Amino acid sequence: MANPLYDALFGQHTGQSTPFLHLPDGTTLTHADFLERAAQLANALIKCGLATGDRVALQIEKSVDALALYAACVQRGLVFLPLNPAYTAAEVSYFVSNSGARLLICDPVNADALRPVASDAGARIETLDTAARGSFATLAKELPTTSETVPREGDDLAAFLYTSGTTGRSKGAMMTQTNLLSNARTLTDLWQFTERDVLLHALPIFHTHGLFVATNVMLLAGGAMVFMPKLDVDALITAMPRATALMGVPTFYTRLLDHADFTSELTRHMRLFISGSAPLLAETHKAFEARTGHRILERYGMTETNMNTSNPYDGPRRAGTVGFALPDVELKVTNPDTGKTLPQGEIGVIEVRGPNVFKGYWQMPEKTAAELRPDGWFITGDLGLIDDLGYVQIVGRGKDLIISGGYNIYPKELEVILDDQPGVLESAVIGVPHGDLGEAPVAVLARAKGQDPDPEAILKTLGTQLARFKCPRKVIVVDELPRNTMGKVQKNVLRADHADLFKA
Ligand code: MLC
Ligand code: AMP
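Rules used in this analysis
Residues numbered from 1 in each chain as written. Chains lettered and ligands numbered in written order. Predicted model: local features only at pLDDT ≥ 70, side-chain atom pairs only at ≥ 80, totals over all residues. Heavy atoms only, no water. Near = heavy atom within 4 Å. Polar contact = N/O pair within 3.5 Å; in protein donor to acceptor, adjacent residues only side chain to side chain. Areas by Shrake-Rupley, 256 points an atom, 1.4 Å probe, with all protein chains shown as cover. Helix = DSSP H or I, 4+ residues; strand = E, 2+ residues; numbered from the N terminus. Nonpolar A, V, L, I, M, F, W, Y, C, P; charged D, E, K, R; others polar. Contact = heavy atoms within 4.5 Å. Axes fitted to C-alpha atoms, helices over the stretch in contact; angles between N-to-C directions. Left-handed = near helix turned anticlockwise from the far one by under 90°. Pairing = 2+ DSSP bridges.

**Student:** Residue-level account of the site of ligand 2, with values.
**Tutor:** Ligand 2 sits among 16 residues. The nearest are R299, T303, D382, K399 and N408. Between ligand 2 and S277, the relevant distance is 3.1 Å, taken from a nitrogen atom to a main-chain nitrogen or oxygen of the residue. In this structure, K399 approaches ligand 2 through a side-chain N or O atom, which is 2.7 Å from an oxygen atom. When ligand 2 is considered free in solution it has 500 Å² of accessible area, and contact with the protein chains removes 93% of it. At the level of elements, β13 (297-302) and β20 (392-397) are the ones that each hand at least two residues to the shell around ligand 2. The dominant element in the shell around ligand 2, judged by the number of residues it contributes, is β13, at five residues. Among the residues making up the shell around ligand 2, the classes are represented as seven nonpolar, four polar and five charged.

**Student:** Describe the side chain of T188, listing the residues and the values that go with them.
**Tutor:** When you line up the elements, T188 lands in helix α7 (residues 177-190). For T188, the residues in contact, after removing those within four places along its chain, are F193, V217, L220 and A221.

**Student:** Which residues make up the packing of helix α2 (residues 31-47) against helix α3 (residues 64-76), and what are the values?
**Tutor:** Look at α2 against α3: their axes get within 8 Å of each other, and the N-to-C directions meet at 65°. The interaxial crossing formed by α2 with α3 has right-handed handedness. Facing F34, R37, A38, A39, L41, A42, N43, L45 and I46 of α2, the residues of α3 in contact are V64, D65, L67, A68, L69, A71, A72, C73, Q75 and R76.

**Student:** Which residues make up the sheet that holds strand β19 (residues 378-386), and what values do they have?
**Tutor:** Spatially, β16-β17-β19-β20 is the arrangement adopted by the four strands of the open sheet, whose pairing is antiparallel. Edge strands, defined here as strands with exactly one partner in the open sheet, are β16 (330-334) and β20. Put simply, the sheet's adjacent strands are angled 50° from each other on average, direction ignored. Note: β19 against β20, five bridges, orientation antiparallel. Considered in β20, the bridge of G384 is made with I394.

Structure, rendered in structure tokens:
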């Protein structure tokens, strides 16, 4: 029996000495090298006592081994659960215990903080760093470089990605083999990736964009990636001559445009620039075209669905739109109250259906039922319309969500902590336009009668509990929060009041 995801992404390259990863030290790892390392790590996973279907949580910096562990999990039928290295021990604790992970692999520097986390959750802990050192690397060292490929079916789980909720705790989005493979196939065809492509890969690999869009597409196509630890615009510019394509969040493009060495000459040979995960301003799209002659291809997706829409490869890529539904994805805009489909041009909630749509939230049937209709339509929570040319435009979010540099920040997660701080009566966290990050979180605190909250101390407390990228870039203390006649806090008023906060 087959393992469709492994066979298509990895198995097809077994023994091939074609280039796969161009690394920062100037070396190149072939597909065969990569698969041998992945198999060795797969054998180490089995040595840890893991069985088919077990979850493996991974919190390490971007590295070859981090990616090889993804391949290893797929090969052995384990569920891959990558975590942002920026998460605090408190955040990791939730993910490990909620997922029931049997193994947590972390960086050696975090081992002391995470040992109690793993122990409380009943998980084994192993360490691994970017230079392939740590207890897990030791375990893998002498193991064979081939491993058994465990048979899987399309509906079997391949990965969990946690996505925060507007209320309550994060939810584990269950991705099946079919979810990942169908989307990778569709995107590879649509964007015409082949073995001749070299992708500049500077995104993190613990989210849909860097892992399932960028990596899966390149694996399927058989191309190579310039594998960079993180976004460094100088390094991106240096590597561009050897590349054919770039995928990034809008901040990649604004930072490139801010760089004097980013010229039309540098990009002349490039085949494709793709943007997603957050709105690309029409002005960025236009400035990019004016500078380089390339029209950025914007697409739209989310954790629960992978990619839903894309501007055309051949055909007009329209600024301010996310293009058309992918060939195997259905999309409609509905009335949020009635669920009825709205006529073209009217704004409503975007719903999608297709093989890309996830299986549900791990052990949260009510939350799954609230967003995934029995007939397969997923309610995205994004507000949009289909314009007169059939392009989808995203005009806002029905969900209270801030997207900062492509990372999601759920205000509620901050507000519950802020509300408990000394001198704070209540709080509202809003997203404010930010030139570099698109939006940045700002906390507005209403002081308790006669008291003066201390923003510095409050930010310090937040930093011990939440990843730093979620922490407000500014804290504003006010006497009271604006409310409507129903008593609801008017975040739109706060957003308007503070819209210019980060304007120069
Ligand atoms: C880093 N920081 C951020 C941040 N990234 N703050 C707010 N928003 C962000 N996105 C903070 C750090 O905590 C740190 O704070 C300081 O900024 C410097 O950190 P850095 O690592 O040097 O940051 P930088 O290199 O500038 O990173 C910015 C970035 C990066 C935009 C390049 O965030 C990034 O690669 N984002 C991509 C996210 C992504 O892949 N999203 C896809 C989700 S999938 P301090 O206080 O310590 O100094 C998805 C579905 C879909 O949405 O459709 O694709
Ligand atoms: P995540 O939960 O991290 O997967 O974030 C998904 C969300 O990012 C979507 O629901 C959208 O709100 C947003 N998003 C992704 N791509 C785009 C885009 N091209 N334009 C606007 N918003 C986007």
